[in-house]
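# Remarks on the overall topology
What follows is each chain in one-letter form.
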Amino acid sequence: MISAEQQSKLIEAAQHGVQNAYTKMSSQDDFRIGCAVLTSEGNIYSSGQYFSYTQSLTLHAEQGALVVAASHGEYDIVAIAVTGNTTAFESSDSKPIYPCHMCKQILYESNLRSKLDMEVIIANDKSEIVDKFNLSSVISKPWPL
């Protein structure tokens, strides 16, 4: 369990990722997702999604945050925060925005290596926590087992 201060900084960094997302039109009103990870060293790294016209090459915010942490030699993720902008929440009928199945898989693979059951924090566009859980609770039948 992370501290309230770490949680607040993590969500703030995820919002920073929202602002820096590379989107189709490069407009702040585009659908934007941001993510931040907290490493076992206590560092926080964030990213927004990186849009590609081919769609299959688009990098999700969760993937981006893991890559940024890895580029600093940090692989052990303690917690992750995911959020989006107002447009993202409006397009989801104001429901929480959770990591997709591809992102859950890559988070799980990170977990396999680190043996850390990362805490997942879902925040809305106002930085309010709307859900919080451990990764293991949403990975019931992972690959590989």
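A few points on the structure. (Residues numbered from 1 in each chain as written. Predicted model: local features only at pLDDT ≥ 70, side-chain atom pairs only at ≥ 80, totals over all residues. Heavy atoms only, no water.)

### Some thoughts on a nonpolar patch on the surface
- On the surface, Tyr22, Tyr50 and Leu59 cluster together to form a nonpolar patch covering roughly 300 Å² of accessible area.
- Mapping Leu59 onto the fold places it in the loop between β2 (44-48) and α2 (61-71). (Patch = residues over 30% accessible without salt bridge, like charges linked within 9 Å, V, L, I, M, F, W, Y side chains within 5 Å. Areas by Shrake-Rupley, 256 points an atom, 1.4 Å probe, with all protein chains shown as cover. Salt bridge = Lys/Arg side-chain N within 4 Å of Asp/Glu carboxyl O. Helix = DSSP H or I, 4+ residues; strand = E, 2+ residues; numbered from the N terminus.)

### A closer look at helix α4 (residues 101-114)
- The terminal C-alpha atoms of α4 lie 20 Å apart, and with 14 residues this matches the ideal 20 Å at 1.5 Å per residue to within 8%.
- Residues Cys103, Lys104, Leu107, Tyr108, Ser110, Asn111 and Ser114 constitute the buried set of α4. Angular distribution of buried residues about the axis of α4 spans 160 degrees; they occupy a single face of the element. Exposed residues on α4 whose side chains face more than 90 degrees from its buried face are His101 and Arg113.
- Buried residues belonging to α4 abut α2 and β3 (77-84).
- Lys115 occupies a position one or two residues after α4 and carries a positive phi of about 65 degrees. (Expected span 1.5 Å × (residues − 1). Buried < 20%, exposed > 50% of the residue type's maximum accessible area, 1.4 Å probe, protein only. Arc of directions from axis to C-beta. Contact = heavy atoms within 4.5 Å.)

### Considerations on the pairing of β3
- Most of β3 sits inside the fold, with seven of its eight residues counted as buried.
- Sheet topology note: the strand β1 (residues 33-39)/β3 ladder contains seven bridges and is antiparallel. By the bridge assignment, Val37 is partnered in β3 with Ile80.
- Of the pairings in the sheet, the one linking β3 to strand β4 (residues 119-123) comprises four bridges and is parallel in character. Residue pairing for β4: Ala81 is matched across the bridge by Ile121. (Pairing = 2+ DSSP bridges.)

### Digging into the packing of aromatic side chains
- If you walk through the whole model with that rule in mind, you get three aromatic pairs.
- A centroid spacing of 5.0 Å and a plane angle of 85 degrees characterise the contact between Phe51 and Tyr53, whose relative ring orientation is edge-to-face. (Phe/Tyr/Trp six-rings, centres within 6.5 Å; stacked < 30°, edge-to-face > 60°.)

### Section: the packing of α2 against α4
- Following both chains from N to C, one finds α2 and α4 inclined at 25 degrees, their axes separated by 9 Å at the closest point. Relative to α4, α2 is oriented roughly parallel. Only Met102, Cys103, Ile106, Leu107 and Ser110 of α4 make contact with α2, whose side of the interface consists of Glu62, Gln63 and Leu66.
- A per-class count over the contact of α2 with α4 returns five nonpolar, two polar and one charged. (Axes fitted to C-alpha atoms, helices over the stretch in contact; angles between N-to-C directions. Parallel < 35°, antiparallel > 145°, perpendicular 65-115°, else oblique. Nonpolar A, V, L, I, M, F, W, Y, C, P; charged D, E, K, R; others polar.)

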